[in-house]
Amino acid sequence: MRRKLAAGNWKMNGSLAALSQLNQIARETASLDVETLICPPSLYVSEALTRVSGNQLNIGVQDCHFETSGAHTGDISASMIADLGASHVILGHSERRADHDESSEDVREKARTALAAGLTAIVCVGESEKQRLAKNTLDIIGGQLAISVPDASKAANMVIAYEPVWAIGTGRTATTAEIDEVHDFIRTRLKDRFGEEGANMTVLYGGSVKPTNAAEIFATNNVDGALVGGASLRAQDFVPIVRALAEA
Ligand code: PGA
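In every chain, residue numbers begin from 1 and rise along the written sequence. In keeping with the predicted nature of the model, local features appear solely for residues at pLDDT of at least 70, side-chain atom pairs appear and are counted solely at 80 or more, and the whole-chain, interface and lining totals rest on all residues. Note that water and hydrogens are dropped before the side-chain values are worked out from all heavy atoms of the structure.

**Q** Which residues make up the environment of Leu204, and what values do they have?
**A** In DSSP terms, a helix is any run of H or I states spanning at least four residues, a strand is any run of E spanning at least two, and both are numbered starting from the N terminus. Within the fold, Leu204 resides in strand β7 (residues 202-206). Accessibility here uses a 1.4 Å probe with only protein chains present; expressed as a share of the type maximum, an area under 20% marks a residue as buried, one over 50% as exposed, and anything in between as partly exposed. Classification of Leu204 by relative accessible area gives buried; the value is 0%. Sequence-wise, Leu204 and Ala161 are 43 residues apart; in three dimensions their C-alpha atoms are separated by 4.5 Å.

**Q** Report on the sheet that holds strand β3 (residues 57-61), specifying residues and quantitative values.
**A** Overall, parallel pairing links the eight strands, which are arranged β1-β2-β3-β4-β5-β6-β7-β8 in a closed barrel. Geometrically, the sheet is characterised by an average inter-axis angle of 25° between neighbouring strands, direction not taken into account. Two strands qualify as a pair provided that DSSP identifies no fewer than 2 bridges between them. As judged from the two bridges shared by β7 and strand β8 (residues 225-228), these two strands associate in the parallel manner. Looking at β8, one finds that Gly206 is bridged to Leu227. Helix α1 (residues 20-29) rests against β2 (35-39) and β3 of the sheet, and its axis sits at about 140° to β3. Across the sheet, helix α5 (residues 104-116) touches β4 (88-91), β5 (120-125) and β6 (158-162), and the angle it forms with β4 is around 175°. Here an angle of 0 to 180 degrees is reported between the N-to-C directions of two axes, which are lines fitted to C-alpha atoms, with helices fitted over the stretch in contact. Residues count as neighbours in contact if any of their non-hydrogen atoms are within 4.5 Å of one another.

**Q** Break down the site of the ligand for me, citing the residues and quoting the values.
**A** Nearness of a residue to a molecule or strand requires only that one of the residue's heavy atoms be within 4 Å of it. Taken together, 13 residues sit near the ligand, with Lys11, His93, Glu163, Gly169 and Ser208 positioned nearest. Interatomic distance of 2.6 Å between a side-chain N/O atom of His93 and an oxygen atom of the ligand. At 2.8 Å from an oxygen atom of the ligand is found a main-chain nitrogen or oxygen belonging to Gly229. Only the protein chains shown count as cover for residues, and the accessible areas themselves come from Shrake-Rupley with a 1.4 Å probe. Alone, the ligand offers 280 Å² of accessible surface; in the complex the protein occludes 97% of this. Taken together, the residues of the shell around the ligand sort by class into four nonpolar, seven polar and two charged. Here a polar contact means two N or O atoms within 3.5 Å. Within protein one must be a hydrogen donor candidate and the other an acceptor candidate, and residues neighboring in sequence count only if both atoms are side-chain atoms. Put simply, Ala, Val, Leu, Ile, Met, Phe, Trp, Tyr, Cys and Pro go in the nonpolar bin, Asp, Glu, Lys and Arg in the charged bin, and everything else, Gly too, in the polar bin.

**Q** So what's going on with the packing of helix α7 (residues 137-148) against helix α8 (residues 176-194)? Residues and values would help.
**A** Their axes nearest at 11 Å, the elements α7 and α8 cross at an angle of 35°. Every pair of crossing elements has a handedness; the one defined by α7 and α8 is right-handed. Touching Thr137, Leu138, Ile141, Gly142, Leu145 and Ala146 of α7 are Glu181, Val182, Phe185, Ile186, Arg189 and Arg193, all from α8. Partitioning the contact of α7 with α8 into residue classes produces seven nonpolar, two polar and three charged. If you view the pair so one helix is near and one far, a crossing is left-handed when the near helix is turned anticlockwise from the far one by less than a right angle, and right-handed when it is turned clockwise.

**Q** Mind laying out the pairing of β5, listing which residues take part and the relevant values?
**A** In terms of burial, β5 is a largely internal element, six of the six residues being buried. A two-sided burial pattern is seen for β5, the buried positions comprising Thr120, Ile122 and Cys124 on one face and Ala121, Val123 and Val125 on the other. Relative to β5, β4 runs parallel, the two being bridged by four bridges. In the strand pairing of β5, Val89 is matched with Ala121. Relative to β6, β5 runs parallel, the two being bridged by five bridges. The residue of β6 that forms the bridge with Ile122 is Val159.

**Q** Explain the nonpolar core to me, using residue names and the numbers behind them.
**A** Counting residues in each nonpolar core, the largest one holds 65 residues, and the members touching the most others are Leu22, Ile160, Ile186, Tyr205 and Phe218. It is helix α11 (residues 235-247) that contributes the most residues to this core, seven residues altogether. In this structure, Phe218 is in contact with Val223, Gly225, Ala226, Ile241, Ala244, Leu245 and Ala248, ignoring residues within four places of it in sequence. Buried residues of nine kinds, namely Ala, Val, Leu, Ile, Met, Phe, Trp, Tyr and Cys, make up a nonpolar core once their side-chain atoms join them within 4.5 Å. Leu5, Ile122, Cys124 and Leu227 belong to the second-largest nonpolar core, a separate cluster that totals 11 residues.

**Q** Kindly report on the pattern of salt bridges, identifying the contributing residues and their values.
**A** One side-chain nitrogen of Lys or Arg within 4 Å of one carboxyl oxygen of Asp or Glu is enough to make a salt bridge. Within this structure, the stated rule accounts for 16 salt bridges. One salt bridge in this structure joins Arg132 and Glu127, with 2.7 Å as the shortest N-O distance. A relative accessible area of 17% means that Arg132 is categorised as buried. Through salt bridges that share partners, Asp63, Arg96, Glu102 and Lys110 make up one connected network.

**Q** If you had to explain the side chain of Thr137 to someone new, which residues and values would you point to?
**A** By secondary structure assignment, the location of Thr137 is in helix α7. Those residues within four positions of Thr137 in sequence are excluded, and the remaining contacts are Glu127, Gln131, Arg132, Tyr162 and Val182.

See below:
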């Protein structure tokens, strides 16, 4: 059985006051049979964990360094994230690949230390609009998957998020046919490489997921949940998405 996951990525948004949204999300999703996760900016993770203590809402972070400690000013390590009690780390988000020049090799090294620290890694893959128009989508996704996902990955500690770069924060979503094609491709690659573990890995879709389109996206084959940006900032937007996943 693949686990369903509704994950929120707050990116560089939010504040101490905004953490009250977590209480509301935790309360309103408590009875739903879906794994839920919010990744606030790392400064707020400790306080976020305190707020959701005792609830099924998980707290994760948006990146980590590939080393466990050392002279890396401004970075945080996977073991620190685990030490706090956070459960997941998003790696290789397209904004980090673009803003910080992260390569798929970098993502794999980060994922390795994340898995070794006992975290679940959410590894993001996705094509740019130019790559899609050039009909290179599956080549790009295949290459990112092969390099970014470490050999030690298991269904219990690896989640893949397919996020077409052109759909992130734009209000444009991939069509269900486009999502179906890429998710089927990802599933096949995961099965070929990891066998039963690959068959059971959770694969998320991300890119302008909203309460209005969530049900349609979750009805697509091989979509086990979503990585949600903008619509995860407020409980009134995120909770209906979690509910749609529970009902899918
Ligand atoms: P969005 O972001 O939902 O705001 O498009 C998704 C993401 O970047 O994970």
